[in-house]
Amino acid sequence: MDVLRFVDENRPLLGEKRVSEPFLQRSPKIDYQPQPKGLTPAQYELFNFDADAFPFAYGYIQDLPDYLSQYFVKRYIRTFRKGNRRQANTWLRETMDKGVLARVEGVMKRYPITTSISRVKGSVYTFGVIKGKKVQQKVIGLDEFSVQDVETFSKSFADALQEMVVQFEDKYIHNRTKPLKSAEEIDQIFTALYKKMAYYTQMKGVEPPFYRQFQQGNLDENRCNIALEKMRCEDWWRTKLLMARSQIREHLMIAVGQVQKKASPYASREAIAEWRLKKRKAREFIKQMALIDEDGEVLELEEMFYKTVSNPAIRRAELMVRMRGFEEIAKHLGYAGEFYTLTAPSSYHAVHSQGGFVANWNFSSPKDTQRYLCNLFAKIRAALSRRGIRPFGFRVVEPHHDGTPHWHLLLFMPQDQVQECREVFKYYALEEDGDEKGADEHRFTAKAIDWEKGSATGYIAKYIAKNIDGYACDDDKDEETGESLKDMAKNVSAWASKWRIRQFQQIGGSPVSVWREARRKRGGVVEGDEALTKLVEAADKGDWAEYTLLQGNGDPCASRDELLARTCYEKREPNKYGEVSKKVIGFFNQQMKSFKAVLTRTKVYRLVKKSVLKAQQAERSEALKHCERSSPWSSVNNCTEQKIDNLTLFLNARQNDVEIVQKALKPICLPLNDRQLAYLLKGNLLVLNHKQSVRFINNKVEIIPNQEPVPFMGDAGEWFVQ
């Protein structure tokens, strides 16, 4: 039987049509919608997912930076796919109506730099409507800059300030109607130049170098010169802008709820990714570098790195040794142990512990909260000092799940001072918003250490491990998030790196710098000093308790002047800004009348790429093939670093000439850098500005007027060398 005939009996017309025409499946009609212009990548992703749902969602995210809207777009799409458009729209509306945009605006007001440094980037999508017959331009702030944008702006700022210096010199030094008569008059001119450059820097949202000293009237000549060099340096601007950009982005992610236990605890995913990238780059750098001492001995930088406190394992072990040493001292002296926790007021927290935005958040960043806690503890220490209470121990800083820091302190003190110490802590902890709900319960908590039940170090060991590498915490759960404590260690490290927060701080006791230098001596006798010999022996065997008591003559809270030993330093070579830093070279007995340093860093190492060493060895091997005798190989041959060393040696050998040049040029221009000085001292002509050049001949400085204006070609911080 023909199937079509059977069907045709019931529907003859349809059957005839089916027989005469082929069967075709038809899809529902979809109207073409052109892709709009002026959208960010996250907005394009939302439009391509569902063009019909796009207008509603776009109305909520259009004012958010792209790096913030990405989170909401992905969450919206995920909710849409699990349910439907109605559920996704409901989630987005309820989330945004909680005040996300107001929180973003509140945070942005704390960073004027986002408006003072901005640029136009394309046009804004307006749903096909051109307002006022003009295309609206999209303006982005520093937080939305790419790294290339930051570098471009850094160079433009440095060039603008360099040009300001040139114009200032021409107006107030070279074209003066009256000659400069005194050093004070010169200082006044350069102070005025600093003020002008500092104003420009402030207008860009960056704090000028030494500005606090300038306001206090303590800006000396050296600081002024360093500040002028920094403000016209592209590298200095790049560092400042990148740091500001990074912290603004993280602060805004906290504001919109991307940093919390329901999203990413302690730090944003972006911050964690940046921290991992820095760690990987640091490891790669360490692996490709080597150290060479003065005798030509080559050491692996990687091997030396893992022997220092930069190694998390060694850092953690040292902290535990010091903590255990304090505990032994407390038991020896019959002191009490106290475990305190300090927490900031609720207005410093962005998200509740169980989720949900804090309504009275004052838009503080973790850095702001850390500053509040530091000021709070400064008041507490001053009050304790007035009462003759001198506790010693450790402080650990760790974040809440939303990145807000709080402090844990393990302190030791005499039994009869415990109650008074607690009262002082609580008084100042409740000084701000002390009447709010839960303040009395959470702002300051105290727990006495019971020596019979366990070790005091055990109370803080978990916090030390959590804030370093999560060592021996595989089975422990994080109280803030409920996640594995070891897994959360990387988030905490990324948080500390992002906000530059010092996680561990010793309170009272002897300085660890002397301890480290004494351990470098690896035991042995200090000739003519029995006290230092005992100190070195205590440090060598890792006995922090004995070391501390020897340092303070039995007093664990001895002042710096009462200590037995102190570290001694040596000045480094000035950097490109003229700053002189110090490096530790050993320690000495400050109680002896005559100064005698115990040197612990007798070797000087240079950092060289392994590839350079291999090239040197290849050249040496090739030379040995062609001659029977060859000159001994030196660690500095053919190294890039040799140029730097030779420049320093050259200037040191002609120090008198350097002083003559600097003194002669002081009324004319800013101090020359090392490269310019060396070039000048070799008899070359150095162009100072458009109208003047200088030459050093026969121990005399000759100022030579240019025959015609010389075009200024220098980068920030340098003059054009002709």
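Everything numeric in this text was worked out from a predicted model, so none of it was measured. Along each chain, residue indices are assigned from 1 in the same order as the chain's sequence is written. In keeping with the predicted nature of the model, local features appear solely for residues at pLDDT of at least 70, side-chain atom pairs appear and are counted solely at 80 or more, and the whole-chain, interface and lining totals rest on all residues. Only hydrogens and water are removed before side-chain values are computed, so all heavy atoms of the structure are retained for them.

A. Representation of the layout of surface pockets in the model. Here the second largest pocket is characterised by a volume of approximately 930 Å³. A cavity here means a set of points on a 1 Å grid, drawn over the protein atoms and nothing else, where a 1.4 Å probe fits but cannot get out; a pocket is an open set with protein on both sides within 12 Å along at least five of seven lines, and a residue lines either one if it has an atom within 4 Å of a point. Lining the second largest pocket are 36 residues, with Thr343, His349, Ser353, His400 and His442 positioned closest to its centre. If you list the elements that add at least two residues to the lining of the second largest pocket, you get strand S5 (336-342), strand S7 (405-413), helix H19 (439-442) and helix H20 (457-466). Helix and strand assignments follow DSSP, with helices taken as H or I runs no shorter than four residues and strands as E runs no shorter than two, numbered in order from the N terminus. Considering each element in turn, the lining of the second largest pocket owes the most residues, three residues, to H20. When residue character is reported, Ala, Val, Leu, Ile, Met, Phe, Trp, Tyr, Cys and Pro are called nonpolar, Asp, Glu, Lys and Arg charged, and the others, Gly included, polar. In terms of residue class, the lining of the second largest pocket is made up of nine nonpolar, 15 polar and 12 charged. Grid points are joined across faces, edges and corners, and a volume is the space filled by probe spheres set on the points.

B. Quick look at the sheet that holds strand S3 (residues 289-292). A sheet is described by the order of its strands in space; here three strands give the open sequence S4-S3-S13, paired in antiparallel fashion. One side of each edge strand has no neighbouring strand; the edge strands of this open sheet are strand S4 (298-300) and strand S13 (606-609). Within the sheet, the average angular offset between the axes of one strand and its neighbour, ignoring direction, is 40 degrees. Across four bridges, the pairing between S3 and S13 is antiparallel. Bridging across to S13, Met289 finds its partner in Lys609. Any two strands with at least two DSSP bridges between them are considered paired. Only the stretch in contact is used when fitting a helix axis, every axis being a line fitted to C-alpha atoms; angles between N-to-C directions are given from 0 to 180 degrees.

C. How the structure looks around the sheet that holds strand S12 (residues 597-599). Here three strands make up an open sheet; going across it, the order is S10-S11-S12 and the pairing antiparallel. At either margin of the open sheet sits one strand with a lone partner, and together these are strand S10 (565-571) and S12. Neighbour to neighbour, the strand axes of the sheet diverge by 45 degrees on average, direction disregarded. Judged from the seven bridges that link them, S10 and strand S11 (residues 582-589) form a sheet pairing that is antiparallel. Paired with Glu570 across the two strands is Lys583, which belongs to S11.

D. Just helix H28 (residues 674-681), in detail. Those residues of H28 lying buried are Gln676, Leu677, Ala678, Leu680 and Leu681. Immediately downstream of H28, the backbone of Gly683 shows phi near 90 degrees, a positive value. Summary of the burial criterion: residues with accessible area below 20% of their type's maximum are buried, those above 50% are exposed, and those between are partly exposed, where the area comes from a 1.4 Å probe applied to protein chains only.

E. Up close: the packing of aromatic side chains. Between rings of Phe, Tyr and Trp, where Trp is taken as its six-membered ring, a pair exists when centres lie within 6.5 Å; planes separated by under 30 degrees are stacked, by over 60 edge-to-face, and by other angles tilted. Within the structure shown, the criterion is met by 35 aromatic pairs. Taken together, a centroid distance of 5.1 Å and an interplanar angle of 70 degrees make the contact between Trp515 and Trp544 edge-to-face. In this pair, Trp515 is assigned in helix H22 (residues 512-520) and Trp544 in helix H24 (residues 544-551), connecting sequence segments 29 residues apart. No difference in accessibility class separates Trp515 from Trp544, as the two residues are buried. Between the aromatic rings of Trp515 and Tyr547, the centroid separation amounts to 5.3 Å while the plane-to-plane angle is 65 degrees, which identifies the pairing as edge-to-face. Separated by 32 residues along the polypeptide, Trp515 in helix H22 and Tyr547 in helix H24 bring together distant segments of the chain. Joined through ring pairs, the aromatic side chains of Phe326, Tyr335, Phe392, Phe394, Phe412, Trp451, Trp515, Trp544 and Tyr547 make up one cluster. Think of it as a cone above the ring: NZ of Lys or CZ of Arg counts as a charge over the ring if it is within 6 Å of the ring centre and within 35 degrees of the ring normal. One Lys or Arg, Arg322, reaches over the ring of Trp544 and ends 5.4 Å from the middle of that ring. The residue whose ring lies beneath Arg395 is Trp407, and the NZ or CZ to ring-centre distance is 4.7 Å.

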